[in-house]
Structure formats: C-alpha cells, structure tokens
Protein chains: 4
Amino acid sequence: MSELTDSQVVELADRVEHFVRAEIVPYEHDPRLGAHGPAESLVREMRGKARDAGVLTPHILPGGTHLSQRQTAIVLQRSGLSPLGPTALNTMAPDEGNMYLLGKVATPEQKSRFLETLVAGDARSAFFMTEPADLEGAGSDPSMMKTTCRRDGNHWIIDGHKTFITGADGATVGIVMAKAEEGACLFLVDLPDPAVRIERVLDTIDSSMPGGHSLVRIDELRVPADQMLGDPGSGFALAQIRLSPARLSHCMRWLGACVRAHEIATDYACRRHAFGKALIDHEGVGFMLAENKIELKQAELMIDWCAGVLDGGNLGTVESSMTKVAVSEMLMRIADRCVQVMGGTGVSGDTIVERVFREVRAFRIYDGPTEVHKWSLAKKIKRDWSASLPS
Amino acid sequence: MSELTDSQVVELADRVEHFVRAEIVPYEHDPRLGAHGPAESLVREMRGKARDAGVLTPHILPGGTHLSQRQTAIVLQRSGLSPLGPTALNTMAPDEGNMYLLGKVATPEQKSRFLETLVAGDARSAFFMTEPADLEGAGSDPSMMKTTCRRDGNHWIIDGHKTFITGADGATVGIVMAKAEEGACLFLVDLPDPAVRIERVLDTIDSSMPGGHSLVRIDELRVPADQMLGDPGSGFALAQIRLSPARLSHCMRWLGACVRAHEIATDYACRRHAFGKALIDHEGVGFMLAENKIELKQAELMIDWCAGVLDGGNLGTVESSMTKVAVSEMLMRIADRCVQVMGGTGVSGDTIVERVFREVRAFRIYDGPTEVHKWSLAKKIKRDWSASLPS
Amino acid sequence: MSELTDSQVVELADRVEHFVRAEIVPYEHDPRLGAHGPAESLVREMRGKARDAGVLTPHILPGGTHLSQRQTAIVLQRSGLSPLGPTALNTMAPDEGNMYLLGKVATPEQKSRFLETLVAGDARSAFFMTEPADLEGAGSDPSMMKTTCRRDGNHWIIDGHKTFITGADGATVGIVMAKAEEGACLFLVDLPDPAVRIERVLDTIDSSMPGGHSLVRIDELRVPADQMLGDPGSGFALAQIRLSPARLSHCMRWLGACVRAHEIATDYACRRHAFGKALIDHEGVGFMLAENKIELKQAELMIDWCAGVLDGGNLGTVESSMTKVAVSEMLMRIADRCVQVMGGTGVSGDTIVERVFREVRAFRIYDGPTEVHKWSLAKKIKRDWSASLPS
Amino acid sequence: MSELTDSQVVELADRVEHFVRAEIVPYEHDPRLGAHGPAESLVREMRGKARDAGVLTPHILPGGTHLSQRQTAIVLQRSGLSPLGPTALNTMAPDEGNMYLLGKVATPEQKSRFLETLVAGDARSAFFMTEPADLEGAGSDPSMMKTTCRRDGNHWIIDGHKTFITGADGATVGIVMAKAEEGACLFLVDLPDPAVRIERVLDTIDSSMPGGHSLVRIDELRVPADQMLGDPGSGFALAQIRLSPARLSHCMRWLGACVRAHEIATDYACRRHAFGKALIDHEGVGFMLAENKIELKQAELMIDWCAGVLDGGNLGTVESSMTKVAVSEMLMRIADRCVQVMGGTGVSGDTIVERVFREVRAFRIYDGPTEVHKWSLAKKIKRDWSASLPS
C-alpha cells in the first residue's frame, strides 16, 4: 500500500522529529495558545514552516497514497513530541481521520472539492457524530442518534444537536452524520454555514486542539445530494472505516507526547537534588521512571500490533478497542508519574508535562471511555466462547 | 479547648453547608474566576455574604478560641463543598494555617496588628517557605533553605527567592522563613512591599486559591525585630506547630469538594441512559460510585483519627503524613472516577467535577508529595523497630 | 450491652495478645497443621492452654453476655496475630458467628443443648448455607437456594447440596438453611449424622480453619421441629442478624494476621542487607512498609466505625459490605507487600507471611466477593439518590 | 540460527498444544503431584508420552540447534498451557536455561557427558547460584556471593550454602557457581554427591517444579578441573549468557498457564448464572475478562519484542528486565482476576486456576523481584541521560 520503504519512513520520521523539536517546541509558550487550542494565526504560521520544511501532512504522499498504518505510527508518534506538533504538521484529529475516510470513500469530485484543501493544510475539518447527553442523547452509544436528515428534491435537510465536535469552530469542511429512513448517512458540508450554529465552545481539561470542542445546533441545513458520502444508510459502515485508524492515531500522537513528558521528567530527576542526592537516585523517583520506560515500550508495541492488523486489511474494531484502552490507561499513568516526579514544577505550566497530563486525561474519555470498550470486549469474549463450543 | 458542644458544631456545620450550597455554588461559573483563582472583588463579595450569614471564619469563635480539630474537620469539610467555599468562608489555605499559628505563638501586639484583620476576613496572608528548584533549592526538603536573614540594629534584613507561595499576590500579611546564624526564623511582614517582588504568578493545574501561587524575589527586605515570631532559631519549631493542622485542613476541604463531585456524578449516572439503561445500572459505572462511597468514608475516618491525635496535644507529624498520603491518593481516585463516570461532561467545565479533579491532582504534590511522606514514614518504621529490640 | 469497661477490654486484649505470642505462635510449624486446617488433637491441645490461661472464648463473658462489637474488634484482632489464634481461643469462623446468632435467637433449651458446648470450646459448629455452582446454584446469590425442607409430623425433612461449608468436617453442631413453602428456615442439627454426608473436603488456597471447607450432601435429614431457630420462613431474617457481625469478625481476625505479617516483614527488611544497605533503607522496600502502615490504620478505623454502627443497634448491612470490601482489599495489598519485601523467604513457608497471603486471598471471596458487595452498594446509592429527589 | 521456518514452528506449536491438552491436562489431578512438584515417576511417565508423540524438548532440534527465541516463545507458551506441560515436554526451568547455556559454552566432552542426557529428557539439572539471606547472603544481589572454590591439583574444592535451588532434589546434573581468586567460576557437577547435601526442600507457594526449591549445603565438594565451564573468573559472564533467555522462558511458560486460566474463567463465567444472568453478562465480571484479554496480548507482544532483541545477538539484559517486570505483574493481575471471577471455585483446587495464581505469585519474586529490576532500570535511565548530554 505504501510507496515508501521502511528505511525511507525512518528517515521521514527523523525529519519530522527534528522539525518538531527545532521549530515547534519554541511555540509551546506562545501567547496565542488559548484554552480552546492554538489560534488560527498560530496554526497558519506553524504550518507554513512545516510546508517549507517538507513535513506537512507527512503521512500522505504526493498523489494521495497513505503510509501503511505501521509506518504512520512511527511518523505520527514523532509529530506528537510536542502537543502542537500534530496541528503544525496536519496529523491531528479529527483531520487525519477525515482525510483517511475521504481518501477511501469520496468520489473524485468530492476529493477535489473537500480533500485536497485538507491535505494541503489550508483548511481544517470536523466530524459531527456525537450527540448531547440530555438524558437520552447518544454519547458513546451511537444507536441513540437523534439528528435526522430527510430528502428534499436534490438536497437533504439535516436537523439536530451535536456535541464535543472537535475543531468545529474554524473548520471549513464538515462531515455530518444523520439518520434517514434508510439508516445513518454521512454528508460533506461547507462551513461556516448559518444553519450550523456553534452554540458554545466547551471549556475542557485539554487545550491543544485548534477550535476546541463545540456544542453545535444544526437547523434545516440543506446539503446537495452529491455531497453524501456513499449511499443512504451506509453511514455507520463508512464511519467504521474511519473508526479504527482514527482511534489508533490518537494513541500514536499521545504516545509521542508522553515520550517527551518522560524526557522532561527524566532530565528534571537527574538534575535536581533533594535529601542529599539526585531525585533519580531516590528509588521512589527512579522506580516511577522505570515504570514509564516499561509502559512506553508496551504502548509502542500495542500500537504497532494493531497497526499491523489494520494493514492486513481488517477493520480491527476489537483490536483498536483493546489498544485504545491499554494505551490510554498506560499513558495516563505515565503522564501522572511525570507530574509527580517533578513536584510543584509538574503541576505548573512551566513545562508541557502538566498540559500532557490534561490532554491524556481527556483521551481516556475521547473516542469512547475505557468502560465502553471493555463492555464491547466482554461481549466479544462471550461470542467467541459460544462459537468455540462443539455444535 | 473548644467552647462548642458537638451538637452545636453539627448545627454550625449545617449552616455552613446550607450557605455554601445556597449562596456560593451559584458563583461557580462567575466570570471573575480566573486561572489564578477568584478575583479580589469576588472574594470580597462572597465574604460579605458569609459575614451576613454568620458563617465567616466559622472555626474560630469570637474571642479567638479555635474549634477542636475534630470539630474543625466537620466544619471545614462542609465549607469545601464548593471549591469557592473555603475562600468565601475564610477557611482556606494558607490563611487557616496562618491564623492557627498566630493564635498559638504571636504576641498580643502581633495578634492585634496581623491576626485580627485575618480573622475578620478583611485581609489575606501568605506563608513564604518553599524555595525554587534550581538544581539545589529547597522544594520538599527544608534543610536546603537558602533565604537568609541578618540582624541590622533593630531590624532584620531578608534576602532570597521563594516559590509556590500561595496567595502572595494580593496578600497584606506575610509570614516569611529565613535562615540566620541561630537557625531558621519566622517574620511577620506587611505586604505589599517593594522589597518583596512577585516575579511571576505560576500557571498551575489548580485554580481555586485567590492569588494563585507565586515565584517571589525578596531583596533587602527590612523587618522590625518585634515582628519576629518567637525567638531567633525557633523558625522550624514554630513551623512544626502549623504543619499538621494545616496539612489536615487540606484534607478536610478537599474531602468536601470530592463529596460534592461524587454527588454530581451520582446524579448524572442516575439520570443519563446508555445502552438501554441508566448509567448507574451498568456495573462498570455503579462499581465506580460504590468505590467512591467506600473511599469517601475512609477519608473521613482517617481525618477524624488524625484530628483526635492533634486534639490530644500531639504534634501528630507522623499521623498527619499518613493521613495526607491516604486522603490525597483516595481523593484523586474518587475525583478521577467522577470524571470518568461523566464522560465528556466530566472533562468539561460544565460542572465543577473537572475543576475538583485538577485541584486534587495538585494536592498530591502540595504540602509534600506522597513520596516524601512515605520516605519519612519508612524512617519512622525503622526507628520504631530499633526501639523495639531488646537492649 | 457489654459488662466490661474499655480499660478492662484493653487489659483482656493484652492478655490475649500475650497468650497468642507466647503459647500459640510456637505451634505455627506443628506437623498437625494440614492442608485442611489444624487437626482436632491440635485444636484440643491449644484450647486446653487457652482455657488454663483464661482466654478461651474471650469475647463472651461468663453468663453469656458478648462484648460490644467495638470491644470485640480489639480482642479478635489480637487473637488473629497468629493464623492459629482464633482456633485456639474459639474466636474463629464460623463458630464466633454461630455463637452470636444462637445467643440472640435460640430458645433456652436450644442454648443449653447447642450453645453451651460451643462457648466452652468443647465443640465446633458449621453454618450450612452456600450451595454449589452447578450452573444455577446459589453461590453468592441466596435467592437461588435449592435445599428444601418439608414438614413430616413433628419433624422436618431436609434435602439438598451445600458447598464451602467451613468446619463441617468434625463439627458436632450444624445450623442448616433450607427452603419451605413459608420461606427459608434455619435448623439446629446434631452432627455427625449419616444423612449429612461430607462428599469432599475441598482443597483450598487457605488452610487455617479446622475442618476446611466441605461439599456436603443432605439426604432425607430428619430434624425435630423444636430444633428450628425462630419460625418457619424466618430463616433469611435470622441469617441477617448473623451476617454483619460475622462478616466484621473476619475483618478483625485477618487484620491481626496482617499486623503480624507486617511485623515479620519489617523485621526482615531491617535486618537483611542488599546492594549495600538494609532493605528498609531502599525506598522500594521502605515505601511498601509505609503503605502497609497507612493501610493497617485504615483497616482498623473502618472496622471500628462499622462496629460502632452495629453497637448502635443497626443491622449494618451496607456498612459491613463497605467495610468488608475495603478491609479485604487492603489486607490483600498488605499481605502481598509483605511477601514481596521478603523475596524468596516471602513465598516460602518459613514464616507465616506466605500463609497469611493465601488466607487473605480467600477472604476476598469468602462472605461475598468484592464484586457482589459493590453491586449491592451501587443499588443502595441509586435508592438513596431517588429518595433525595424532591417528591 | 533456527532451521525451522515460521510455518513449521506454528505446526510444531500446534502439536505441542494438542499434546498438552490431550495427554497432560488429565494428569492435573494426579495424586503424585505433591507440594514439592510432581514425583519422579510421574515425570518419567509424562515424558515417555511426550517422547512417543515427538514433542519432547521441542525447542531443540535434532543436532542440537535451538529454535530462535521468537520461535521458542511460541512453542514454550503452548507447553505452558498446563502447569505440568513444561515438565512433561522438558521445556521447564531450570533445565531449559541450563541446556541453553551448555549448548553455548560447554566443550564437546562436557556436552556429551552432561547435555545429551538432559536434551533426551532422561535427567534433570539444577543451577546453584542464589545464596541464603542470613543477614548478608546474596539473594538478588550476586555481588554478595560467599560460596568459594579453590584449586587443589587437578580438582577444585567448593564450599558454601545455596538456597532456592530449583530442582536440586532429584537432579543428576548440577551447575554450581563459586568464587575463586580469579572471580566467579561455574562447574558442572554429577549429582547426587554426598558433599552436596539437600538440607531442606522449602515449602513454597508454588508447587509445579519437580524437586521443588532446596536449601543446600556444599561441603568440600571435589570437582575435576575439566568440569569447569569456561575459564576461571568467567562465571558471571557465562551466567549472563543464560540470564536473559532463561528469564524470558519463564514469561513464555507462565503466559501459557495464564492463557489457560483465562479460558477456564471465561468458560465458568459464560456457564454460571447469578442474580438473573450469566456471570459474564455482569460488567463486574465481563470487564475483568476484557482486561485479561488486553493484558494477555500485551504480555505476548512484550515477550516477542524481547525475543527479537535476543535473536539480534544482544545480551538483552535491560530488555529482559523490562519484560520480566511487565509480564510477571500482568500475569499476576490476570491470574488474580481469574480467581476472582470464579469465586469459591477459584480458590479451590478444583481447577488449575488456584495453582496458576500461586505459581505466578512466586514468579514475581523468582529471577529477581520486580523491585530489583526497577532499581537497575533506573540506573540505566540515568546512564542513558548522562550519555545524551552534549559533552
């Protein structure tokens, strides 16, 4: 699938890492970083540098071929070495997953209108699926979706509420899921549109994604029929295509962030002294760093395994659930230890460790809380057990 | 020691709770809440209401007598039901501990000049002990203190750096620790003073304490000799008096905050449905709430036990270390579960759960990271073992 | 309720502790200790010594009054300082709970025939409630009970299977639960009886309870009607009376066992050296002992709290569930750390630490696995929430 | 290195699995299984069947070539599906590691005399390294070794104590480490020998290794000089060769045991009902099985990664430490969950789950407790950090 050899990918990843460390890390205390993510001017500035350095959208080759998932893992992890790296390099969520999906299922016309600008890093996109939790909303349970679409001549009209729509504020490309009689449908939408109103950008514990996460009201949004992805009723099936790679890409980027947090904590523990010796020479601290070293490796292996499953042509839903749970929980422990090792500095904004801790806390919720994945894994275990019984 | 009966304390605590829920909770989304804590105007406004309701500084009786520690625990926990409660009621850190210390060791003149205004809720104070971590700074290890004081006639002159000084920005009363030839000394200081420069208010993961936490430069600060607390060289001994009650009061307040977070998460889990039933009817969620219920009780018991030790006239250094570790780690788990139960809402600022999570994360560092306490407990275990050997 | 003052109880507990350490600890490597618990000859021998020392059945005063639960906690914990202590002192399960139940609900004739011999330490008893797990058996879910009883003139006839019946092998007094049309019934039964066949003594991970745990077949067992406890249909209600105190007494005894394991591990860590210093001076070890010290205190506080609830005349079902979960899980961590601190010695039978680890592992299952208690606590949380809503 | 293709290895592993399930599992309740491992008659009987089935010593090809470590992992895991499997197939510790070492460093004469009989499964061996913990013994710290050897003409004379010598009781081949002036030396020794006295077979929590673990006294043991492995002083270097593969093989075998325990627990949870539905349909149970599924995969990946490092010709000391810690701690959690899922049955000997739990508990100590590995990993992290600084 990929047109790059593994050694070419390593070389690319090295360039990505060098760029992030040299060019993006200095932005980590830029005043344009707000609670709802980096301002658009900062996004443009960083992307300009990435474009010049030849590392923008590094996981999609000229011509549109994607790296394999195992190759993507290497590159995206490096882009994540700064919380700003994915935004700067256009490897961030939800764009990475949106570009993947469009690359797989969009028509040539759709690609030309919506995908090219994304790959070029000239636009941002959002994926409108999750719905609010007003007692009965969808949340992590897509069967409860209430947003509707109905045919009206050569258009579809969409109505509903969506929430936690990452990057909606500032996006020019939207992918919206809604329910028709035929089942779920996915639409490509030009934004901004007065029918898609951002009611509120949520204040969330994380703060690295441009545009933040929004609560959105869709009121009689008219979409030309040729902007539907696939066929009416195919929405869930198409979303499944996006699901595992997008989920896995979260793991890749945040693994990179935790690698960096661990570097910072290690450096701190080696330089700083207390009670007569370097912090790292206290087993209480050294053991935490040892645990990080082990779990960082485990996270890397789990991602690589799941990526291999996807590269084998599988949907990988079960495997990406397993990986998401394992990796997000490990990264939380890793980030937490980094904070703890650094004491007061760890809970301050003086380094990115505190920010990474907050990002990773959100990750345990985003893309399905740990508990939802365990729930579906338990069902899978039961099905497999039944299937193993002699008939 | 206390002049209130236990039933009077319960009545007082009920009034505190009612006030916090009715009058302070509505401020929780006030725009004057910033990253560095509530603005002074908001502090004044809330305190005015507390004064009117007769619940300002509720743990110090008219005449200056403090409630016993066990009684204080009940009252301070209730004040903590909102993250803003302790500020509103003047039960917050570091003022609570500072008032306690001055009540114990200040001269009548010192009390009249510095303590009365604090008890009246008309001023805020700061305790200048911790020093920066520039390779060799004090951090959690007070023996590494570098701030000095030297006698100059009827004054002392203080020089040094301090960091993580809670509430320094906006405080009018300072208690400053510095090292003389005779050992550590504590000084009462009028603030602001040009010799005490707030170099920076740190951006920290927590955001409920007025004035935030500051990095401070002290340059040739002149303090009249009669503003020394106790005698030259008695600084550490005096700080010990403050240590355990102040540490325990953190536990009290944040327990209250977690009780509230648990209420919010329970309400959410009972109202919201997913996959065909109320969240709480999913064992994955119900078990988390059950674990909260158990650990909230354990935290309460541990605080009550340690308070009883202090009420018995003991310094309680070991007991308050044990309690701080146990309670802060339990509250972290509790707050984390509340976030997780609430999914996307849990990581948003829509409720205080996200804020409580951040506050409690900092608590595991503040007042000595868990690891420092375990380190000193291990030393204690070894000493006790040696003492138990037949001689 | 109790006729002893608190200081008398402390004196009694001290005598119990002294006796256990001086007289029972030496039996800990006695060859008569088998996989199914101490042999009857060893039980008799140890009890003879306890009787002589005046510490047999120490929680029941002459005349039959029980200590309060808070007092019982102190005495039973000390009896547990050796895994053999409870057997030697007649404070063990299931006898302790059985004596408690009979003291509360037996008729004078029943007491004279069945209780007196138990209190005198001359007999052992068993409580026949749990049923086998053959797909649909009762296990932790008493509603699934299948053992039946039917009236036959002046007798009842009982049929069914029971499992995990602690102490059945060698017991002379049985309390059997069976279902009649009127509901569950409890019967006092003389043992051995050919109609009560011990099919197998289970090999279990624990090995301190005399008689072990048995799988039992009851076939047409005839019991005179006056050996029913209470009335037909009152069986569950009566079992509830036994439930919380019996559950709590497990916590008391095993806390004692873990106190001792911690002593042994501490002694080991202070004496033994590795990598240039005493083990305890390695933070990796010292921190584990510090964690033990904290959790031992938490277990003690939780037991004391629950005991106080029971002493207040409450059934304490919720509180004893909370306590059982908290204490058993903490004791598991404590025992596990003791093993780990002691390395190879910790997994060997050279000290009782390995045995305590195995006992405590079983404790997390016995008397309801942790998960069953969390399940019922979640239900309670939901009920309380509903009750708190304005009507 | 290996002469088998990967698909041949899969075929071999399938045969191993089939043999273990069909032929060895039925022995799991054989009365010849004692507390100190299977009796020799049982070992012989099982090995006879393995020989007939062509699966004895499956990881060493005729001619003496070993499978690669990644291939070995697949085969050894399958052999571990029963706790008796490794003994039956001759893939057990310490023989597997001993055969590996002799294959690498023994002279042709030494191989002919000592290795061939081991590979043929006709003898058992022991590795005499660990020393007793009498205050200053070696334990996990080999620098404290006290057993000495001195040259006496054409012989060496060895004196000392060893402990936790797995399989010593019944072994006919010993590899003994002792200290000479030149440094540590390794000797091949014929056993039994009156100068090597088994003072005691320890009672340990695990019980699957034939011969158990012994405390051994070596008194003036004379060994011909040509039975030294390598040169005088090379003992530690040679032991390093054995170290990582032997450590990793523990992970392989016990992973197999936990795979089986998880199967048993899954089957139990799917068949048995409580509170109205199958256990697995309770999230409290289903989540535990989901966590097992995730951690079993993680263990497999970590082993495969470390095996790959070793196959690359590296000593892999750091990598095998990381893997040992990660895998043993995960397997402990997995085994613990299996016990918990199965309730009373889980703590009984009715299935092998209880036995696997005990074996895995010991594994966290054997081959270096978790803490020793973390200690050395922290040192490695510090060294790497220093090396990364600009010079």
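Details of the structure are given in the entry above.
First things first, this report covers the structure right here in the doc.

Here is what the cut-offs are and how they apply
- In this convention, every chain numbers its residues from 1, walking through the sequence in written order.
- Key to labels: chains lettered from A, ligands numbered from 1, both in the order written.
- Reporting in this predicted model follows two pLDDT cut-offs: at least 70 for local features of residues, and 80 or more for side-chain atom pairs to be given and counted; totals over whole chains, interfaces and linings ignore these cut-offs and use all residues.
- Heavy atoms throughout the structure, all of them, feed into the side-chain values; hydrogens and water do not.
- What makes two residues a contact is simply this: any of their non-hydrogen atoms within 4.5 Å.
- Each of two parts loses accessible area, computed with a 1.4 Å probe, when they are put together; buried area is these two losses added.
- Any Lys or Arg side-chain nitrogen located within 4 Å of an Asp or Glu carboxyl oxygen qualifies as a salt bridge.
- What qualifies as a polar contact is a pair of N or O atoms within 3.5 Å, subject to a donor-acceptor requirement within protein and to the restriction that residues adjacent in sequence count only when both atoms come from side chains.
- Note on conventions: DSSP H or I runs of at least 4 residues are helices, E runs of at least 2 residues are strands, and numbering of each starts at the N terminus.
- A least-squares fit on C-alpha atoms brings the copies together, and the residues used are those whose pLDDT is at least 70 in both copies.
- Residue burial is assigned from relative accessible area. The probe radius is 1.4 Å, only protein chains are included, and a residue is buried under 20% of its type maximum, exposed over 50%, and partly exposed in between.
- Strands are treated as partners if at least two bridges between them are detected by DSSP.

### Some details on the interface of chain D and chain B
Contact residues are listed per partner, giving 6 residues for chain D and 6 residues for chain B. Taken over both partners, the interface formed by chain D and chain B buries close to 370 Å², and the fraction arising from carbon and sulfur atoms is 38%. Together, His282, Glu283 and Gly284 of chain D form the three largest contributors to the area buried by chain D at its contact with chain B, with a combined 80%. The interface formed by chain D and chain B includes 0 salt bridges. Applying the counting rule to chain D against chain B returns 5 residue pairs in polar contact (both at pLDDT 80 or more). With 4 residues, the top contributor of residues to the side of chain D that touches chain B is helix 8 (residues 283-311) of chain D.

### Describing the relation of the copies chain D and chain B
The operation linking the two copies of the chain is a rotation about an axis combined with a translation along the axis. For the pair chain D and chain B, the superposition axis carries a translation of 0.0 Å, the fit reaches an RMSD of 0.0 Å, and the rotation angle comes to 180°. Taken together, the turn and the small shift mark the pair as related by a two-fold rotation axis. For chain D, the smallest separation between a C-alpha atom and the rotation axis is recorded for Glu283 of chain D, amounting to 2.6 Å. Most of the interface of chain D is mirrored in chain B, where 100% of its interface residues again form contacts.

### Focus: the pattern of salt bridges
In this structure the tally under the stated criterion is 132 salt bridges over all chains. Of the charged contacts, one joins Asp281 of chain A and Lys382 of chain D as a salt bridge, the two residues approaching to 2.7 Å between their closest N and O atoms. Taken together, the residues span two chains, with Asp281 of chain A in the loop between strand 12 (277-278) and helix 8 (283-311) and Lys382 of chain D in helix 12 (residues 370-388). A relative accessible area of 30% places Asp281 of chain A in the partly exposed class. Note that Asp190 of chain C is salt-bridged to Arg113 of chain C, the shortest N-O span being 2.4 Å. Linking Asp190 of chain C in strand 7 (residues 183-190) with Arg113 of chain C in helix 6 (residues 108-119), this pair joins segments that are 77 residues apart in sequence. The class of Asp190 of chain C is partly exposed, set by a relative accessible area of 37%. Overlapping salt bridges, with partners in common, bring together Asp14, Glu17, Arg21, Arg78 and Glu263 of chain A in one network.

### Observations regarding the pairing of strand 3 (residues 125-128) of chain C
All names here are of chain C. Here strand 3 shows no split at all, with Ser125 and Phe127 on one side and Ala126 and Phe128 on the other all buried. The pairing of strand 3 with strand 6 (residues 173-180) spans 4 bridges and is classified as parallel. Residue pairing in the sheet places Ala126 in a bridge with Gly174 of strand 6.

### Remarks on the interface of chain C and chain D
Each side of the interface is counted separately: chain C has 47 residues, and chain D has 47 residues. A combined buried area of about 3600 Å² lies between chain C and chain D, and 59% of that area is made up of carbon and sulfur atoms. Looking only at chain C, the three residues that lose the most surface to chain D are Phe275, Gln340 and Val347 of chain C, adding up to 19% of its buried area. At the boundary of chain C and chain D, one finds 6 salt bridges. With a closest N to O distance of 2.9 Å, Asp336 of chain C and Arg364 of chain D form a salt bridge. Elements represented by at least two residues in the side of chain C that touches chain D include exactly helix 7 (235-271), strand 11 (273-274), helix 8 (283-311), helix 9 (317-341), helix 10 (343-346), helix 11 (353-363) and helix 12 (370-388) of chain C.

### Structural notes on unusual backbone geometry
The omega torsion across Leu191 of chain C and Pro192 of chain C is -5°, close enough to zero to call that bond cis. Among the structural elements, Pro192 of chain C can be located in the loop between strand 7 and strand 8 (196-201). Even without a glycine there, the phi angle at Glu220 of chain A is positive, about 50°. Structurally, the position occupied by Glu220 of chain A is in strand 9 (residues 213-224). A residue is classified by how much of its surface remains accessible, and Glu220 of chain A, at 45% relative accessible area, is partly exposed. Despite not being glycine, Phe164 of chain C shows a phi value in the positive range, around 55°. Considering the arrangement of structural elements, one finds Phe164 of chain C in strand 5 (residues 155-166). For Phe164 of chain C, a relative accessible area of 16% translates into the label buried.

### Describing the relation of the copies chain C and chain D
Aligned on chain D, chain C shows an RMSD of 0.0 Å; the corresponding rotation is 180° and the shift along the axis is 0.0 Å. In this assembly the copies share their binding face: 100% of the residues contributing to the interface of chain C also contribute to that of chain D.

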